[in-house]
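# Analysis of the macromolecular model
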Amino acid sequence: MSSTLGSSIGKKLLMSISGLFLILFLVVHLTVNSFLLVPDGGDLFNAGAHFMATNPAVRVIEPLLALGFIIHILYGVKLTLENRRARGPERYASGKKTQGVSWASQNMLVLGITVAAFLVLHIANFWVKMKITGDPRLEHTTIEIGGVPTQVENAYALVNTTFSYLWIVVVYVIGAVGLAIHLSHGFWSAFQTIGFSNQLWRKRLTILGNIFAWIIGVGFSSIAILQYLFYQPN
Amino acid sequence: MEKTINIKLRVWRQAGPKAKGRFETYELKNISTDSSFLEMMDILNEQLISEGKEPVAFDHDCREGICGMCSLYINGRPHGPDDRVTTCQLHMRKFKDGETITVEPWRSAGFPIIKDLIVDRSAFDKIIAAGGYISVSTGGVPDANAIPIPKEAADEAMDAASCIGCGACVAACKNGSAMLFVSAKVSHLALLPQGRVEAARRARNMVAKMDELGFGNCTNTGACEVECPKGISLANIARLNREFLKAKLKE
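Residue positions are given per chain, counted from 1 along the sequence in the order it is written. Whichever chain is written first becomes A and whichever ligand is written first becomes 1, with later ones labelled in order. Residues qualify for local features only when their pLDDT is at least 70, as the model is predicted, and side-chain atom pairs are given and counted only at 80 or more; totals for whole chains, interfaces and linings, by contrast, use all residues. Values shown for side chains rest on all heavy atoms present in the structure; no hydrogens or waters enter the calculation.

Identification of chain B as Succinate dehydrogenase / fumarate reductase iron-sulfur subunit from Thermophagus xiamenensis is taken from an unreviewed UniProt entry. Here is the UniProt Sequence similarities (unreviewed entry) comment for chain B, exactly as written: "Belongs to the succinate dehydrogenase/fumarate reductase iron-sulfur protein family." UniProt positions are given in the numbering used here, feature names are shortened, and annotations may be inferred rather than shown by experiment.

Taking an unreviewed UniProt entry as the reference, chain A is identified by name as Succinate dehydrogenase / fumarate reductase cytochrome b subunit belonging to Thermophagus xiamenensis.

Next up, the structure:
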């Protein structure tokens, strides 16, 4: 098994599987975030956040998610360093004029670093406050879940206040666009690596990957922008 | 009516594997646009020899695009500015009068420079020796079409088999990866019944050899496919991944 994961294809397999796992996480995350746009003073979003915070399955998945991030980042850096070495020290004096190679595919590390930098701010903004330090804006609020009044943390208030700062919204949009470009190559590439691709599926996966990437990118950024523009209390 | 052009050549000169290389500029006059790139290189070497200088070392053999011996990274692309041709099939009509043409060797850690524009591509031979063959017991000659093979499989195998092993894929790859080459060699055998017998061992051994020789990890950019003079498809890389992972699961 170690010889499998230590081989070039094995290392790529780890990138692929962890990447696909992170893609699943993005889908869940965007779904919960979309509740932010329901104009009910944040009750649905708070219910969603409460469910995500208390659901036992999520507690199991959370460390797995962290592991997914760590593997994806570490192996991304490792592969890039190895590939630079394999490329050799000399560069072509006449440059690279190969047409038809996507910019994203050649800059996955740069895009990954953009996303990771955003992630640091994102975790400091929300995860640290919700899970570790707490925040006065998270004060309990009572909502009805299935007709039962339940005390939950007011996650909506924290999100809403965070998105009242223009600079934060700008950073979030940059992060989301970086993520979309990253996914525009990463999505199909993950399937290619596990071997689920051929002449026909390559076209399908590239189109599907681009659509998915921009749903994610536009989804996350539009929620932040709309929160800033239309959801702030006067 | 024959047209001729005057060109400037910037050529990588390097005395030996360890020597420090540099670009030298040469001027060539009245080059026929009908001549091939390698004929132009021959004219350059004739000129250098008549001037008492050392000719430029470059690889070539069949000069009809099937042996895989010619290389050269010309003006930013392996095999030059034309698509789906090797350097020997490239014509001087693809260049403008007065143009400066930069000629470099393949650059990749897996292909160390021997001299000038010649690189050592014996790594490819070692990868082939690791499994790019089928074992056949000797005996009477078997009937040609005794084993039925679907047309699609035969076509795809033939497409993969058209790889001439020139190394343009490695030269174009930002990762110095040899995956397109290895995938073509694994695919053209994996698609046929005769190749299935040793398929798992072949995928394992050829990938292991490729890794051992210092080629990079494929990141699916597709530059190899664009620059391949034979149009070998990235679908072969997906097949290689499949073959390799299946073989590892069976272990």
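More follows now that the structure is in view.
### Structural notes on the overall build of chain A
Secondary structure assignment for chain A yields 9 helices and 2 strands. Taken from N to C terminus, the helices and strands of chain A fall in the order α-α-α-α-α-α-β-β-α-α-α. Dimensions along the principal axes, computed over C-alpha positions, put chain A at roughly 65 × 40 × 35 Å. Exposed residues in this analysis have more than 50% of their type's maximum accessible area, buried residues have under 20%, and partly exposed residues fall in between, with area computed by a 1.4 Å probe over protein chains only. Counting only residues that meet the buried cut, chain A has 43% of its 234 residues in that class. The protein chains shown are the only cover counted for residues, whose accessible areas, like all others here, come from Shrake-Rupley with a 1.4 Å probe. For chain A, the exposed surface amounts to about 12,400 Å²; the carbon and sulfur share of it is 71%. A residue counts as positive if it is Lys or Arg and as negative if it is Asp or Glu; His and the chain ends are not included. We put the charge of a Lys on NZ, of an Arg on CZ, of an Asp on CG and of a Glu on CD. A gap of 25 Å separates the mean positions of the 16 positive and 9 negative side-chain charges of chain A. Here a strand is any run of E in DSSP of at least two residues, a helix any run of H or I of at least four, and the numbering for each starts at the N terminus.

### Here we look at the packing of helix H2 (residues 8-34) of chain A against helix H9 (residues 199-230) of chain A
To describe two helices that pack against each other, one gives the angle between their axes and the distance between the axes. All names here are of chain A. Fitting a line to C-alpha atoms yields each axis, with helices limited to the stretch in contact; the angle taken between N-to-C directions then spans 0 to 180 degrees. The interhelical angle for the contact between H2 and H9, taken along N-to-C directions, is 35°, at an axis separation of 10 Å. Considering how the two elements wind past one another, H2 and H9 form a crossing that is left-handed. Touching Ile 23, Leu 26, Val 27, His 29, Leu 30, Asn 33 and Ser 34 of H2 are Phe 212, Ile 215, Ile 216, Gly 219, Phe 220 and Ile 223, all from H9. Split into classes, the residues belonging to the contact of H2 with H9 amount to 9 nonpolar, 4 polar and no charged. Should the near helix be turned anticlockwise from the far one by less than a right angle, the crossing is left-handed, and should it be turned clockwise, the crossing is right-handed. Any two residues whose heavy atoms approach within 4.5 Å at even a single point are treated as in contact. Under the grouping applied here, Gly and all other residues not named as nonpolar or charged are polar, the nonpolar ones being Ala, Val, Leu, Ile, Met, Phe, Trp, Tyr, Cys and Pro and the charged ones Asp, Glu, Lys and Arg.

### A short note on the UniProt feature "transmembrane region" (unreviewed entry) in chain A
As annotated in UniProt, the feature "transmembrane region" (unreviewed entry) corresponds to residues 12-37, 57-77, 108-128, 165-184 and 205-230 of chain A in the numbering used here. Measuring from the first to the last C-alpha atom of residues 57-77 of chain A gives 30 Å, for a span that is 100% helix and 0% strand.

### Section: the interface of chain B and chain A
Every contact between the two is made by 49 residues of chain B and, on the other side, 40 residues of chain A. Summed over both partners, the accessible surface that disappears when two parts come together, traced with a 1.4 Å probe, is what is meant by buried area. Each partner contributes to the roughly 3,500 Å² buried at the junction of chain B and chain A, and carbon and sulfur atoms together form 52% of this total. The largest contributions to the chain B side of the interface with chain A come from B:Arg107, B:Asn217 and B:Asn220, which together make up 19% of the buried area. Should a side-chain nitrogen of Lys or Arg be within 4 Å of a carboxyl oxygen of Asp or Glu, the pair is scored as a salt bridge. Taken together, the links from chain B to chain A amount to 1 salt bridge. Here A:Arg202 makes a salt bridge to B:Glu225, at a shortest N to O gap of 2.9 Å. Counting residues per element, the ones that place at least two in the side of chain B that touches chain A are strand S1 (4-13), strand S5 (100-104), helix H4 (168-172), helix H7 (199-212), helix H8 (223-227) and helix H9 (235-250) of chain B.

### As for a nonpolar patch on the surface
Residues and elements named next belong to chain A. Taken together, Ile 73, Val 77, Leu 81, Leu 109 and Ile 113 make up a surface patch of nonpolar side chains, about 430 Å² in accessible area. Sorting the residues of the nonpolar patch by element identifies helix H4 (56-87) and helix H6 (108-133) as the ones contributing at least two each. The greatest single-element share of the nonpolar patch, amounting to 3 residues, is contributed by H4. Of note, Leu 81 is situated in helix H4. Looking at Leu 81, the relative accessible area reads 53%, which means it is exposed. Nonpolar side chains (Val, Leu, Ile, Met, Phe, Trp, Tyr) within 5 Å and like charges within 9 Å form the patches, drawn only from residues with over 30% relative accessible area and no salt bridge.

### Topic: the domain arrangement of chain B
All names here are of chain B. Note that the domain bounds reflect an automated or database-derived domain assignment. By the assigned domains, chain B splits into domain 1 (4-104) and domain 2 (122-250). A straight line from the C-alpha centre of domain 1 to that of domain 2 covers 30 Å. Counting from both sides, the interface comprises 12 residues of domain 1 and, opposite them, 13 residues of domain 2. Summing the contributions of domain 1 and of domain 2, the shared interface buries around 930 Å²; its carbon and sulfur component is 49%. Taken as a group, Gly 68, Pro 78 and Arg 84 account for 51% of the area that domain 1 buries against domain 2, more than any other trio of residues on that side. The interface formed by domain 1 and domain 2 includes 1 salt bridge.

### Some points on the packing of aromatic side chains
Aromatic pairs are defined between Phe, Tyr and Trp rings, using the six-membered ring for Trp, whenever the two ring centres lie within 6.5 Å; interplanar angles under 30 degrees are classed as stacked, those over 60 as edge-to-face, and all others as tilted. Tallied over the full model, the rule gives 17 aromatic pairs over all chains. For the ring pair A:Phe45 and A:Tyr156, a centre distance of 6.5 Å and an interplane angle of 70° mean the geometry is edge-to-face. Taken together, the residues A:Phe45 in helix H3 (residues 43-54) and A:Tyr156 in helix H7 (residues 155-162) connect sequence positions 111 residues apart. Classification of A:Tyr156 by relative accessible area gives buried; the value is 11%. With a centroid separation of 6.4 Å and 80° between ring planes, the pair formed by A:Phe126 and A:Tyr172 is classed as edge-to-face. Of the two residues, A:Phe126 sits in helix H6 while A:Tyr172 sits in helix H8 (residues 166-193), which places them 46 residues apart along the sequence. Of the residues examined, A:Phe126 reaches a relative accessible area of 8% and is grouped as buried. Look at A:Tyr172 and you get buried, because its relative accessible area is 7%. Cluster of aromatic residues (ring-pair linked, three or more members): A:Phe187, A:Phe191, A:Phe196, A:Trp201 and A:Phe212. Note on criteria: charge over ring means Lys NZ or Arg CZ within 6 Å of the ring centre, with the direction from the centre no more than 35 degrees off the ring normal. Between B:Arg107 and the ring centre of B:Trp12, over which it is positioned, the NZ or CZ distance is 4.3 Å.

### Points about the pairing of S1(B)
All names here are of chain B. Strands are labelled as partners when DSSP assigns at least two bridges between them. Sheet topology places S1 next to strand S2 (residues 22-32); 9 bridges connect them, and they run antiparallel. Looking at S2, one finds that Thr 4 is bridged to Ser 32. Here S1 runs beside S5; their pairing, made up of 4 bridges, is parallel. Residue pairing across strands places Arg 10 opposite Thr 102, the latter belonging to S5.

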